[in-house]
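Coordinate inspection notes
Here are the chains, one letter per residue:
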Amino acid sequence: MEQRRFGPTKRQVPVIGQGTWYIDNGNRVAAIAALRVGLDLGMTHIDTAEMYGGAEEIVGAAIAGRRDEVFLVSKVLPQNASSCGTIAACERSLARLDTDWLDCYLLHWRGRYPLDETFEAFEQLQLQGKILSWGVSNFDVPDLEEALEIAGNNRIACNQVLYHLQERAIEHAVLPWCEEHSVAVVGYAPFGHGKFPGPRTPGGRVLQAVADAHGATPRQVALRFLVRRPSLFTIPKASKPEHTAENAGAGDLRLTRAQLALIDETFPLGPPPKVLPVL
Ligand SMILES: NC(=O)c1ccc[n+]([C@@H]2O[C@H](COP(=O)([O-])OP(=O)(O)OC[C@H]3O[C@@H](n4cnc5c(N)ncnc54)[C@H](OP(=O)(O)O)[C@@H]3O)[C@@H](O)[C@H]2O)c1
């Protein structure tokens, strides 16, 4: 499994990680087994959140006895992200995950609390050793500019954002901004949250042809495309061990320039999102 440096941190993190939203919805034993298979195959970046119901407990059970292998990420909900609320939320997550520390702690999305309150709490948690780094999620460029102004250089470890073949909007501005400021970009919902191009669609056929050339699968090709730049990471969620194993197979796949260009053309970037004027 290929690893790369995670933003400004000194940590090497696998390019393919594991998401956990809705992992508590099905068979608990299979979900724990799926996460463990992922760890065995090097997908040691596990993403969870206080919002994901019972997911944190499942992650806690999956990483029991192997905490040191894991790059564990959780998130505070915006409605809890006051200075005291952030610390309390982190402590609840630590208890559910049955661990003493998170490798990275994120603000899930912007809410009503000023960023400096949340970031002050993150810094305090880091001083206490309860988190080793912190970052943000669903931040657009104006939010990132404000965050940088408050936090200073090399404090924001990552921005976790929506990124899949049919939703590449981050490539217009968010991704270049993060690259310029050494912020890791963690793409979520790499399979479109269950809407992966089917085998009979034109896009699905292109992915299959590229996959055939490597003895790989269309999903592995998609994941590889989504981590083709050095700032990028991805976190597919799988609650079935066979799905986890397939996803891990993308970790060492290499696509040629021509194959990357073909995928780029098949799933075009589209126009930049419209930015509403600030009144
Ligand atoms: N920061 C945020 O605001 C935010 C928002 C959304 C998501 N996220 C994070 O990103 C993670 C991933 O996003 P997501 O869960 O929304 O969607 P996703 O990873 O795009 O898709 C998950 C779906 O794909 C299926 N799947 C996974 N691997 C497969 C395979 N090899 N073959 C066939 N099906 C496969 C899963 O099925 P099974 O479960 O049956 O295996 C599940 O139905 C989340 O779990 C969460 O950790 C963050």
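Residues numbered from 1 in each chain as written. Predicted model: local features only at pLDDT ≥ 70, side-chain atom pairs only at ≥ 80, totals over all residues. Heavy atoms only, no water.

Here we come to helix α3 (residues 83-97). Between its terminal C-alpha atoms α3 stretches 21 Å, which fits the 21 Å expected from 15 residues at 1.5 Å a residue. Every buried residue of α3 is listed here: Gly 85, Thr 86, Ile 87, Ala 89, Cys 90, Ser 93, Leu 94 and Leu 97. Looking at the buried residues of α3, the elements they touch are α2 (55-63), β4 (71-76), β5 (104-107) and α4 (115-127). Asp 98 sits one or two residues past α3 and shows a positive phi near 55 degrees. (Helix = DSSP H or I, 4+ residues; strand = E, 2+ residues; numbered from the N terminus. Expected span 1.5 Å × (residues − 1). Buried < 20%, exposed > 50% of the residue type's maximum accessible area, 1.4 Å probe, protein only. Contact = heavy atoms within 4.5 Å.)

Attention shifts here to the packing of aromatic side chains. Under the criterion given, the structure shown has 9 aromatic pairs. Relative to Tyr 52, the ring of Trp 21 has its centre 5.8 Å away and its plane inclined at 25 degrees; by these criteria the two rings are stacked. With Trp 21 in the loop between β2 (12-14) and α1 (28-40) and Tyr 52 in the loop between β3 (45-47) and α2, this pair connects stretches of sequence that are 31 residues apart. A connected cluster of aromatic rings, assembled from ring pairs, spans Tyr 105, Phe 119, Phe 122 and Trp 134. (Phe/Tyr/Trp six-rings, centres within 6.5 Å; stacked < 30°, edge-to-face > 60°.)

Glancing now at the pairing of β4. The buried fraction of β4 is high, at 6 of 6 residues. A two-sided burial pattern is seen for β4, the buried positions comprising Phe 71, Val 73 and Lys 75 on one face and Leu 72, Ser 74 and Val 76 on the other. This β-α-β element, β3 to α2 to β4, shows right-handed connectivity. Across 4 bridges, β4 lies against β5 in parallel orientation. Within β5, the position partnered with Lys 75 by the bridge is Leu 106. In the classification by handedness, the crossover that spans β4, the intervening α3 and the parallel β5 is right-handed. (Right-handed = clockwise from strand over helix to strand, strands pointing away. Pairing = 2+ DSSP bridges.)

This brings us to α4. Each turn of an α-helix holds 3.6 residues, which means side chains three or four residues apart point in the same direction. Over its 13 residues, α4 extends 18 Å from the first C-alpha to the last, a length consistent with the 18 Å expected when each residue adds 1.5 Å. Among the residues making up α4, those that are buried are Leu 115, Thr 118, Phe 119, Ala 121, Phe 122 and Leu 125. With its buried residues spanning 155 degrees around the axis, α4 presents them on a single face. Relative to its buried face, α4 has exposed residues pointing more than 90 degrees away, namely Glu 120 and Leu 127. (Arc of directions from axis to C-beta.)

The 7 strands are arranged β3-β4-β5-β6-β7-β8-β9 in an open sheet whose pairing can be described as parallel. Two strands in the sheet have a free side with no partner beyond their single neighbour: β3 and β9 (232-234). Neighbour-to-neighbour, the strand axes of the sheet open up by a mean angle of 25 degrees, direction not taken into account. Here β5 pairs with strand β6 (residues 134-137) via 3 bridges, running parallel. Of the residues in β6, the one forming a bridge with Leu 107 is Val 136. Its contacts with the sheet place α3 against β4 and β5, and it is angled at close to 135 degrees to β4. Docked against the sheet, helix α5 (residues 141-151) engages β6 and β7 (156-162), running at close to 165 degrees with respect to β7. (Axes fitted to C-alpha atoms, helices over the stretch in contact; angles between N-to-C directions.)

For Leu 35, the position within the fold is in helix α1. When the C-alpha atoms of Leu 35 and Thr 244 are compared, they prove to be 7.4 Å apart, with 209 residues separating the residues in sequence. When near neighbours in sequence (up to four residues on either side) are disregarded, Leu 35 contacts Gln 18, Thr 20, Ile 23, Ile 46, Ile 58, Val 59 and Ala 62.

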